[in-house]
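Coordinates in review
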Amino acid sequence: MVRRCVIAALAWLFLGATIPPVAAASAEDLETMGRMALLLGRAVGCGLDTRRAVAAISAWLDQTFPPGSAEQTRYLQGFGADVERHARQQQNGESPDSCAEVADALKAVNW
């Protein structure tokens, strides 16, 4: 039993030393990503042209989370899932916003 604990502890130390930790995003970064995912997802759900928004969001993500980093991979996956969820909600009529309101909101942002 003691030997298993020692082996487990050594494995834990080895993994901790070889896998770089993912830095946590700031609360402000997470809030910004949430707002962008909501607007982008609803715009996609409405079939709106999102090219400018996607370019600006991609640039922000690259600036905030270094490209190819574990941090970017982690947060980009969650961001993509949120965009898909908001798009699906918009398409299914589960959003409180009409597509006209989403279009106005998308146009109001200085991308």
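Bear in mind the structure is a predicted one, so any value in this text is a computation, not a measurement.

Conventions and cut-offs
Residues numbered from 1 in each chain as written. Predicted model: local features only at pLDDT ≥ 70, side-chain atom pairs only at ≥ 80, totals over all residues. Heavy atoms only, no water. Phe/Tyr/Trp six-rings, centres within 6.5 Å; stacked < 30°, edge-to-face > 60°. Helix = DSSP H or I, 4+ residues; strand = E, 2+ residues; numbered from the N terminus. Buried < 20%, exposed > 50% of the residue type's maximum accessible area, 1.4 Å probe, protein only. Salt bridge = Lys/Arg side-chain N within 4 Å of Asp/Glu carboxyl O. Contact = heavy atoms within 4.5 Å. Axes fitted to C-alpha atoms, helices over the stretch in contact; angles between N-to-C directions. Parallel < 35°, antiparallel > 145°, perpendicular 65-115°, else oblique. Left-handed = near helix turned anticlockwise from the far one by under 90°. Nonpolar A, V, L, I, M, F, W, Y, C, P; charged D, E, K, R; others polar.

**Thoughts on the packing of aromatic side chains**
Each aromatic ring pair is summarised here by two numbers: the centre-to-centre distance and the angle between the ring planes. Applying the stated criterion to the full structure yields two aromatic pairs. Both rings, one in Trp60 and one in Phe65, keep their centres 6.2 Å apart while their planes meet at 90 degrees; by these two values the pair is edge-to-face. Measuring from centroid to centroid gives 5.0 Å for Phe65 and Tyr75, while their planes differ by 25 degrees, and the two rings are stacked. Taken together, the positions of Phe65 in the loop between helix H3 (51-64) and helix H4 (70-91) and Tyr75 in helix H4 put the pair ten residues apart, joining distant regions of the chain. Both residues of the pair, Phe65 and Tyr75, count as buried. One aromatic cluster in this structure is built from Trp60, Phe65 and Tyr75.

**Here we look at the pattern of salt bridges**
In the structure shown here, the tally under the stated rule is four salt bridges. The partner of Arg35 in a salt bridge is Glu31, and the shortest N-O contact between them spans 2.9 Å. Here Arg35 pairs with Glu31, and both are found in helix H2 (residues 27-46), just four residues apart, close to one helical turn. For Arg35, a relative accessible area of 48% corresponds to the partly exposed category. Across the pair Asp97 and Arg42 runs a salt bridge, and its minimum N-O distance is 2.1 Å. A residue pair is termed long-range when its members are at least 10 positions apart, and Asp97 in the loop between H4 and helix H5 (99-108) and Arg42 in helix H2 qualify at 55 residues. The exposure class of Arg42 is buried, given its relative accessible area of 10%.

**Some points on the environment of Gly41**
Within the secondary structure, Gly41 is located in helix H2. Between the C-alpha atom of Gly41 and that of Glu84, which follows or precedes it by 43 residues, the distance is 6.1 Å. With near-sequence residues (within four places) excluded, Gly41 lies in contact with Val83, His86 and Ala87.

**Side note on the packing of H2 against H3**
Packing of H2 against H3 leaves a shortest axis separation of 12 Å and a crossing angle of 160 degrees. Taken as axis vectors, H2 and H3 run roughly antiparallel relative to one another. For the pair H2 and H3, the sense of crossing is left-handed. Contacts from Asp29, Thr32, Met33, Met36 and Leu40 of H2 reach H3 at Ala53, Val54, Ile57, Trp60, Leu61 and Thr64. Considering only residue class, the contact of H2 with H3 consists of eight nonpolar, two polar and one charged.

**A few points about the side chain of Gln72**
Along the polypeptide, Gln72 turns up in helix H4. If sequence neighbours within four positions are ignored, Gln72 has contacts with Leu61, Asp62, Phe65, Pro66 and Pro67.

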